Amino acid sequence: MSAEWVCVQRQQDECRRYLDQFKVLDHPLKQSTITVLESRGTRSGKVPVAANGISLGSSNTAAMSAATLSLDPLSIAFDGSDPLSQFAKQQVTSLGKDPLSRMAAEMEGALPVAKSTALGSRSSLSKSKEPNNLLELDLIEPWAARRGAILNKYTTSEKLSIVTSFLTGGETIKPQTTMSEKVKYRLEQLDDFDEGSVRQMLDLSQQEYVVKIEQLNHELVQAWNQDQRVKALKIAIQCSKLLSDTSVIQFYPSKFVLITDILDIFGRLVYDRLRTKADYVHPGTREMTSLPENFTPDMVPESAKETCQNWFYKIASIRELLPRLYVEIAILRCYSFLAQDEFGLALRRLTKMIRGIGDPLVAIYARCYLCRVGMSLTLDRTYISENLDDILMIYHTIFNGGIRSEIARHRITLNGYASLYLPALDWILQGVAILTTDNQLDDILQRCKEKKNPALLLQSMMQSFRSDFIASRATHFVQILSTISVEGLSRGQLFRLLGSILSHTPPPAEQRLSVLSSAMKAITSLGNVEEFMQCAEMWAQYTSQHFGLKEVDIFLGSVLQQMAPKRIYEQHYHELQVITDKIVSNAQDVHGILALDNFLPLLDLFQKESIKLEVCKNILTSYRNATACDNAIINDPVVTNALMYISRVLNDSVNALTGEDERRQISGLICHFIRKVDFGRDFEQQLAFYVEARSVLSNLDTALSTLIHSVNRLATSTRRIVKGQHTQKTAAFVKACAAYCFITIPSIIDVRTRMELYLQSGQVALLNVCLQHADSCFEAAINLIPEVPRTVENDGKVHSTEGFIKTFIVNLLSTLVIVPDNPTQGVLYLLRLLLEVVPKYPFEPTSDILSSIYLHVLDFLSVAAQEVYPYHIVNVISNDELYGSDPKFIAEVNELCCTVCDKLLQHLKVLLESNALRAQSQLALDLLLKIITGADLSVDKMFTLTVHLWNLAVKNRTAIEAKQLQTVIQYTEHLAQVTQLESQRQCLWMLLERMKSRK
């Protein structure tokens, strides 16, 4: 049947929906209190209180138990009590104490000696917390942290060789069961260890060499585990001999690391073996006990001491000096089994033995290994100082004629040869600096400075000494570095290192400017652009952290002066990028940095697009990080132009191949900049900035959206300032803002974003009484509805857009209520356009979104027919005032209501044919509510239609919730009580009777 809808006049409060209401004593999200209930198997507890405040007394045990078990599922398994309560009860039934308390009670008084033993072990535990060696002081970088850097830095492409007798595929190990067989086999092994059994492997690549070393390591461990001690010792000796080979000298530091790893394993195996043989009988007991961590030599059995001495005797019989040194150093820790103060004596003895090594490179790494092992054994530092003295004694030999001939034969530079000493020298000087006073360090500095070509020593000192010591003497270091002979190293390398130290530990405030001036003067006079850029890369952070804009600008000017000639900047893009990043990220005033005279010329040096893009992105990222937490704004035209230039670079880099994440990141950076620009009350300049930004940022939808939001906010701020009463000037300005938005929105690609922006811009235009602009925006938004795709992909998931369409139209309808009709377009032109366009969207066949939209349209029409609308905008004459409830206008509204209602009835018929009972019943109830709320029920067709809709819903009552029917009846009764029209009230009561009769 067709509808004959006539809108009824009503008060605003009449159509309020009253839902079920009930009194709540507590907030539903209030945290419940868990109490222990008194039930079977538990002790007495507190009387629990439920969330609704009802006390659960012990008198009603059954009810209490049921309520409790429904709250806690775990209570079912434990008879109403929690697990901890049951365990506690079990403890009470046993001894009344926890297991540890029972053990203590059993032992108390039974063994009086046990107390004293416990006290003794407790005191020994407290003593073990004290550091026993230098490494435990945590004042030195662990060797493990340096190991990887050394292996990565010192590599070679030359062929290597290795001399060994244990990489022939392995030896057949004969099982030995008796002591005589073991002795016989070991003697056979020693007899086999002659010159003829040793093979030399030649032409090994670095990778193959490392694999062979790892095989030796595996052979050593395997031999040890199979009780082949002599073989393990032979492997350690042969590995140590490899350290005397300097044929591929640039690989020597890495070789040292690999070989000493094997020696460390050998030393640990020997020590652990002696610990095992040193088990002793504890006084007062009969059981064998392992030695404690802090054992003393008098606790070691004589048999273990004898075995330990045998190891040292075997090592002492090694003929060659270098393997004898390295192997003894590897097992140096075993001296703890022999004597209390043997470490210091052994370390000093070995220090003197190293003097017999002629090659200074081999000697310094032997000293490094000695100091590394010694630092893990004792707090004594005397031997470290002695090693440094020996190094300074022979330092001049590094640069003598024989060495120069040797490095020429190896075809490496003197700088490359000198750098081979750094890992060992750094470790030794780091050990010297531990717990050393500033006066002692000054003495070492003076001794090193007096040496010929002290650059190597000074670099190692700056890497090893405390940074505060160097920072407090920064002026002195700059003076030294500017005047010393730097043969073997570059002066720029030293200044680069000093700049790195001062960036993290600044010198005293009174020295900072003089240090910067002297250092930059020395760096500029290096005469080598590459060295200058390497130094400037480090001093950029120091300059930006501790100085103002003037000094930073001078620094950038120096960089530009060095880079300008012959387009040399093309060879130093990386250094320029690092300098720019450090200047911006560490600046105290990022806005001032952007306004410097030399900043934009520095950016112009980046001619390569990919690098320039990365630099500009880093600048905006640093700017966002620096201004994210403050309310700082930009109103300086110079800063604005600089950031606009950077934003233009990022925008121009966006194309069809740009990834979504990259596009999102760039948009976020630019939008942050846009939001920071604020010229205060100068709204015209603000709008001019947005116009310029629109011309620059044409490739980024998010940036354009931010511009539109900003312009709308600008128009709203203008209205707030004039308090809604626009002058001729402000009216023209807000019209310009509306025109800006209307022109900019079509540039955005995403249809949904355009629709939302059109709607928002139309609302702002309406707020500022720009009626033509508002109509244009609303019309454009409505016409975009058919262009919305049915589905969109977001984060890899496909989502329907029907929900967006519904939400958008509901928002639009709430705005159209107060939009006056255009006299040239007819009554409710925008609504008619909406009804014409909405069916063109590809709704799902089973979707209820379209019918839901039509129901909201009925709400809109019901309001449009009222004499006074529920809300208005100041100075905007809505249709209630424009038409004054003219009968022709009301007739047009009624006609539209009939059209929409007929569409809903057609949809009901379609649902009936598809046997969608639930959807059909729900739509029938919803339409019934709209009719009794906004239609005149005295019209026979509408009353009959309402009865049919109720009968249809009741007929399929099993498909919907029963509470819905009761709610509709209550709402109908409420309307019957509050309706002012007598005829409408009577019809509602009649309808209510029929509804109750069919319920």
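Residues numbered from 1 in each chain as written. Predicted model: local features only at pLDDT ≥ 70, side-chain atom pairs only at ≥ 80, totals over all residues. Heavy atoms only, no water.

### Observations concerning the overall build of the chain
Selection criterion: Secondary structure elements are defined from DSSP: runs of H or I of at least 4 residues count as helices, runs of E of at least 2 residues count as strands, and each element is numbered from the N terminus. Summary of the burial criterion: residues with accessible area below 20% of their type's maximum are buried, those above 50% are exposed, and those between are partly exposed, where the area comes from a 1.4 Å probe applied to protein chains only. For this analysis, residues touch if any pair of their heavy atoms sits within 4.5 Å.
For the chain, the count of helices and strands is 46 helices and 6 strands. Residues classed as buried in the chain amount to 47% of the 999 residues present. Long-range pairs, those at least 24 residues apart, make up 73% of the contacts in the chain between residues at least 6 apart in sequence.

### A word on the environment of Ile213
Note on placement: Ile213 falls in helix H8 (residues 206-225). When its relative accessible area of 3% is taken as the criterion, Ile213 is described as buried. Each C-alpha atom, one on Ile213 and one on Leu258, is 7.2 Å from the other, the two residues being 45 residues apart in sequence. With sequence-adjacent residues up to four places away left out, Ile213 is seen in contact with Ile162, Leu242, Leu258, Ile259 and Ile262.

### Observations concerning the nonpolar core
Rule in force here: In this text, buried Ala, Val, Leu, Ile, Met, Phe, Trp, Tyr and Cys residues form a nonpolar core when linked through side-chain atoms within 4.5 Å.
In terms of nonpolar packing, the biggest core is built from 312 residues, with Phe266 and Trp539 touching the most fellow members. Sorting elements by how many residues they give to this core places helix H10 (residues 252-277) first, with 13 residues. Discounting chain neighbours no more than four positions away, the residues touching Trp539 are Phe495, Leu498, Gly499, Leu502, Val515, Leu516, Ala519, Ile523 and Phe555.

### Structural notes on the pattern of salt bridges
Convention followed: Salt bridge, as used here: a side-chain nitrogen of Lys or Arg that lies within 4 Å of a carboxyl oxygen of Asp or Glu.
For the structure shown, the criterion picks out 25 salt bridges. With a closest N to O distance of 2.7 Å, Arg404 and Glu487 form a salt bridge. Of this pair, Arg404 sits in helix H16 (residues 401-409) while Glu487 sits in the loop between helix H22 (474-483) and helix H23 (491-504), placing them 83 residues apart in sequence. For Arg404, a relative accessible area of 31% puts it in the partly exposed group.

### Some thoughts on unusual backbone geometry
Of note, Asp138 is a non-glycine position whose phi angle comes to about 60°, a positive value. Even without being a glycine, Val769 presents a positive backbone phi close to 60°. Here Val769 is to be found in the loop between helix H36 (751-767) and helix H37 (771-783). Classification of Val769 by relative accessible area gives partly exposed; the value is 32%.

### Brief notes about the packing of helix H14 (residues 360-375) against helix H15 (residues 382-393)
For clarity, the cut-off: Note on method: axes are straight lines fitted to C-alpha atoms, helices fitted across the in-contact stretch only, with angles between N-to-C directions ranging 0 to 180 degrees. Note on terminology: angles under 35 degrees are roughly parallel, angles over 145 are roughly antiparallel, angles of 65 to 115 are roughly perpendicular, and the others are oblique. Gly is put with the polar residues, along with every residue not named as nonpolar or charged; the nonpolar set is Ala, Val, Leu, Ile, Met, Phe, Trp, Tyr, Cys and Pro, and the charged set is Asp, Glu, Lys and Arg.
Look at H14 against H15: their axes get within 10 Å of each other, and the N-to-C directions meet at 170°. Comparing their axes, H15 and H14 come out roughly antiparallel. Every residue of H15 that contacts H14 at Ile364, Arg367, Leu370, Cys371, Gly374 and Met375 is listed here: Tyr383, Ile384, Asn387, Asp390 and Ile391. When its residues are assigned to classes, the contact of H14 with H15 shows 7 nonpolar, 2 polar and 2 charged.

### Re the packing of aromatic side chains
For clarity, the threshold we go by: Two rings from Phe, Tyr or Trp (for Trp, the six-membered ring) form a pair when their centres are within 6.5 Å of each other. A pair whose planes differ by under 30 degrees is stacked, one over 60 is edge-to-face, and the rest are tilted. Remark: a charge is flagged as sitting over a ring if the NZ atom of Lys or the CZ atom of Arg is within 6 Å of the ring centre and within 35 degrees of the ring normal.
Tallying each qualifying case throughout the model produces 26 aromatic pairs. Note on Tyr573 and Phe606: the rings are 6.1 Å apart at their centroids and 25° apart in plane angle, and the pair reads as stacked. In this pair, Tyr573 is assigned in helix H27 (residues 573-585) and Phe606 in the loop between helix H29 (599-604) and helix H30 (609-627), connecting sequence segments 33 residues apart. Phe606 matches Tyr573 in its accessibility class, with the two residues each being buried. These aromatic residues form a ring-pair network of at least three members: Trp143, Tyr252, Phe256, Tyr326, Tyr365, Tyr369 and Trp427. Across from the ring centre of Tyr271, 4.0 Å away, lies the NZ or CZ of Arg333, which sits over that ring.

### Digging into the environment of Asp936
The cut-off we apply is this: In the analysis that follows, any N or O atom pair within 3.5 Å is treated as a polar contact, provided that within protein one partner can donate a hydrogen and the other can accept it, and provided that, for residues neighboring in sequence, both atoms belong to side chains.
Here Asp936 is to be found in the loop between helix H43 (917-934) and helix H44 (940-955). Note on Asp936: relative accessible area 17%, which makes it buried. A C-alpha to C-alpha distance of 5.9 Å links Asp936 and Cys7, two positions 929 residues apart in sequence. In this view, Asp936 contacts Val6, Val8, Met942 and Gln984; residues no more than four positions away in its chain are not counted. There is a polar contact of 2.7 Å between the side chain of Asp936 and the side chain of Ser938.

### Details of the side chain of Gln541
Position of Gln541 relative to the elements: it lies in helix H25 (residues 529-546). If we skip the residues at most four places from it in the chain, Gln541 touches Ser503, Lys582 and Asn586.

### Re the pairing of strand S6 (residues 797-800)
Applicable threshold: When DSSP finds two or more bridges between two strands, those strands count as paired.
Here strand S5 (residues 791-794) pairs with S6 via 4 bridges, running antiparallel. Bridging from a neighbouring strand, Thr791 pairs with Ser800 of S6. Joining the antiparallel neighbours S5 and S6 is a turn of 2 residues, in which Asp795 adopts a positive phi near 55°.

### Some points on empty space enclosed by the protein
Under the convention used in this document: Computed over the protein atoms alone on a 1 Å grid, cavities are sets of points where a 1.4 Å probe fits but cannot get out and pockets are open sets with protein on both sides within 12 Å along at least five of seven lines; a residue lines them when it has an atom within 4 Å of a point. Grid points are joined across faces, edges and corners, and a volume is the space filled by probe spheres set on the points.
A full pass over the atoms with the stated rule returns 4 cavities of 30 Å³ or more. A volume near 70 Å³ is recorded for the second largest cavity. Every residue along the wall of the second largest cavity is listed here: Pro360, Ala363, Ile364, Arg367, Ile391, Ile394, Tyr395, Thr397, Ile398 and Tyr421. The element that contributes the greatest number of residues to the lining of the second largest cavity is H14, accounting for 4 residues. Here the lining of the second largest cavity is built from residues that sort into 8 nonpolar, 1 polar and 1 charged.

### Here we look at helix H32 (residues 660-676)
To be explicit about the condition: Helix span, as expected, comes to 1.5 Å for every residue beyond the first.
An ideal rise of 1.5 Å per residue puts 24 Å on 17 residues; H32 measures up with 24 Å between its terminal C-alpha atoms. Of the surrounding secondary structure, the elements contacted by the buried residues of H32 are H30, helix H31 (637-652), helix H33 (683-696) and helix H34 (701-722).

### Re the packing of H30 against H31
Geometrically, a packed helix pair is captured by the angle between its two axes and the distance between the axes. Which entries qualify depends on this criterion: Throughout, a crossing is termed right-handed when the near helix is turned clockwise from the far one, and left-handed when it is turned anticlockwise from it by less than a right angle.
In contact at an axis separation of 9 Å, H30 and H31 are set at 130° when each is read in the N-to-C sense. One element, H30, and the other, H31, form an angle in the oblique class. Considering the relative orientation of H30 and H31, their crossing is left-handed. Residues Lys612, Leu613, Cys616, Lys617, Ile619, Leu620 and Tyr623 of H30 form the contact with H31, whose own contacting residues are Leu643, Tyr645, Ile646, Ser647, Val649 and Leu650.

### What to know about the side chain of Ser464
Note on placement: Ser464 falls in helix H20 (residues 455-464). Using a relative accessible area of 8% as the deciding quantity, one classes Ser464 as buried. Among the polar contacts listed, one links the side chain of Ser464 to the backbone oxygen of Asp426, at a separation of 3.0 Å. For Ser464, the side chain forms a polar contact with the main-chain oxygen of Ser460, separated by 2.8 Å.

### Observations concerning helix H19 (residues 438-449)
We apply this condition: Arc definition: directions from the helix axis to the C-beta atoms.
A rise of 1.5 Å per residue sets the reference length of H19, with its 12 residues, at 16 Å; its end C-alpha atoms lie 16 Å apart and thus fit the reference within 8%. Those residues of H19 lying buried are Leu441, Ile444, Leu445 and Cys448. Burial along H19 is one-sided: seen end-on, the buried residues are contained in an arc of 100°. Looking at the buried positions of H19, the neighbouring elements they touch are H15, helix H18 (422-433), H20, helix H21 (467-472) and H22.

### Looking at the confidence of the model for the chain
As a reminder of what qualifies: pLDDT measures the predictor's confidence residue by residue and takes values from 0 up to 100.
Residue-level pLDDT values for the chain average 83, and 83% of them are 70 or greater. In the model, residues 32-80 has pLDDT below 50 throughout and makes 38 contacts with residues more than four positions away in sequence or in other chains. Segment residues 100-128 is flagged for pLDDT under 50; beyond a separation of four residues in sequence, or across chains, it makes 5 contacts in the model.

### Brief notes about the environment of Ile235
Within the secondary structure layout, Ile235 lies in helix H9 (residues 229-242). For Ile235 and Ile262, which are 27 residues apart along the polypeptide, the C-alpha to C-alpha distance reads 9.2 Å.

### A few points about the state of the cysteines
For clarity, the threshold we go by: Sulfur atoms of two cysteines make up a disulfide when they are within 2.5 Å.
Enumeration according to the criterion identifies 0 disulfides in this entry. The thiol sulfur of Cys371 is not disulfide-bonded, and the nearest other cysteine sulfur, from Cys368, lies at 7.2 Å. Of all cysteine sulfurs in the structure, the one in Cys737 sits closest to Cys741, which takes part in no disulfide; the separation is 7.0 Å.

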